[in-house]
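# Survey of secondary and tertiary structure
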Number of protein chains: 2
Amino acid sequence: MAGDSRAQRPPERTGPCARWPADKGDTIRQIVERAGDKWAVLVIGALENGPVRYKDLQHSVPGISQRMLTHTLRQLRRDGLVTRTAYPEVPPRVEYALTALGTTLLDAVTALIDWAGTHHDEITRNRARFDSEAAGR
Amino acid sequence: MAGDSRAQRPPERTGPCARWPADKGDTIRQIVERAGDKWAVLVIGALENGPVRYKDLQHSVPGISQRMLTHTLRQLRRDGLVTRTAYPEVPPRVEYALTALGTTLLDAVTALIDWAGTHHDEITRNRARFDSEAAGR
DNA sequence: CCGTATCCTTGGAGATACTG
DNA sequence: CAGTATCTCCAAGGATACGG
């Protein structure tokens, strides 16, 4: 009916894809993407062995800018993955640490990194082959 | 006069952070980021139960654009995670399927999704608390 | 039906300077 | 020392139209 020439942008949500819980889908995606976020993963990794100060984090995660460090820490705090503790001293000292929840995420991410490490060579070979076939052929 | 007014992006690599293998670091990161890539994960999930045609993938992954579907499939093929099979018929038919390697990645990603599902409520609560504290206070 | 090529918008992310 | 505010740039991603 009503021949809508141009399907008017159905506000279709990400949709019931395959297997995941559709209701929580949005949040789940955000969380998974956090695990794929370069800076978030690096920061979490840097906190592995206990509390670290802001400044030290900048050194532990070399390429990161202040902006991104602050931003990432805020996200992680918001999700309850890290805690922030400010000591009322001079000079000011602030320490960040993983929560229990954060530690479990680190474990999950570590599993993924292990997978990547295990198949690293195979994937590199696959890419080389694919590229040469695409180019040369 | 070589006036590089603006420090020209030192090609500083991501650097020896924390714990991962520094040599393979770059590739590892790319692979992990693939697991955090929304579309890649959704496409892989859609391929879980055997080969799927291009057109059907568009429906299985609702929000995706042709551009991104094609692009994602190309990446996944390049890494050797999916295969492409074109049947010389009319109308043309092309099927994509997970490789053995792709299946193992799906497992790893599924673990992460499970983690997200398990802690979904807790994280949602954390966020709500954080936001209300930040705003109200 | 299966893609590729093109245009265009948006926000992610770096550099810099300033405040508590 | 620990952050915030502001500017800018670029590339990821959506819409669209066309080619095989």
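An unreviewed UniProt entry lists chain A under the name Helix-turn-helix transcriptional regulator, with Streptomyces lavenduligriseus given as the organism.

In the neighbourhood of DNA strand C, 17 residues make up the surrounding shell, with M68(A), K55(B), T70(B), R84(B) and Y96(B) lying closest. The sugar-phosphate portion of DNA strand C accounts for 61% of its atoms within 4 Å of the protein, the bases making up the rest. Within the contact set of DNA strand C, a base oxygen lies 3.2 Å away from a side-chain nitrogen or oxygen of R67(A). Between K55(B) and DNA strand C, the recorded distance is 3.2 Å, taken from a backbone N or O atom to a phosphate oxygen. Within the residue set of the surface near DNA strand C, elements represented by two or more residues are α4 (66–78) of chain A together with α3 (54–60), α4 (66–78) and β3 (93–98) of chain B. It is α4(B) that provides the largest number of residues to the surface near DNA strand C, a total of four residues.

Here we come to the nonpolar core. Note on soluble globular proteins: their nonpolar side chains tend to be buried together. In terms of nonpolar packing, the biggest core is built from 67 residues, with V43(A), L47(A), L57(A), W115(A), L47(B), L57(B) and W115(B) touching the most fellow members. Apart from the residues within four sequence positions on either side, L57(B) is in contact with A46(B), L47(B), V52(B), L69(B), L73(B) and Y96(B).

On to the relation of the copies chain B and chain A. Placing chain B over chain A gives an RMSD of 0.2 Å and needs a rotation angle of 180°, together with 0.0 Å of translation along the axis. Accordingly, the operation relating the two chain copies is best matched by a two-fold axis. When C-alpha positions in chain B are compared against the rotation axis, the closest is assigned to G36(B), at 1.8 Å. When the interface residues of chain B are mapped onto chain A, 98% of them again fall at the interface, so both copies present the same face.

Parameters at a glance
Residues numbered from 1 in each chain as written. Chains lettered and ligands numbered in written order. Predicted model: local features only at pLDDT ≥ 70, side-chain atom pairs only at ≥ 80, totals over all residues. Heavy atoms only, no water. Near = heavy atom within 4 Å. Polar contact = N/O pair within 3.5 Å; in protein donor to acceptor, adjacent residues only side chain to side chain. Helix = DSSP H or I, 4+ residues; strand = E, 2+ residues; numbered from the N terminus. Core = buried A, V, L, I, M, F, W, Y, C linked by side-chain atoms within 4.5 Å. Buried < 20%, exposed > 50% of the residue type's maximum accessible area, 1.4 Å probe, protein only. Contact = heavy atoms within 4.5 Å. Least-squares fit on C-alpha atoms with pLDDT ≥ 70 in both.

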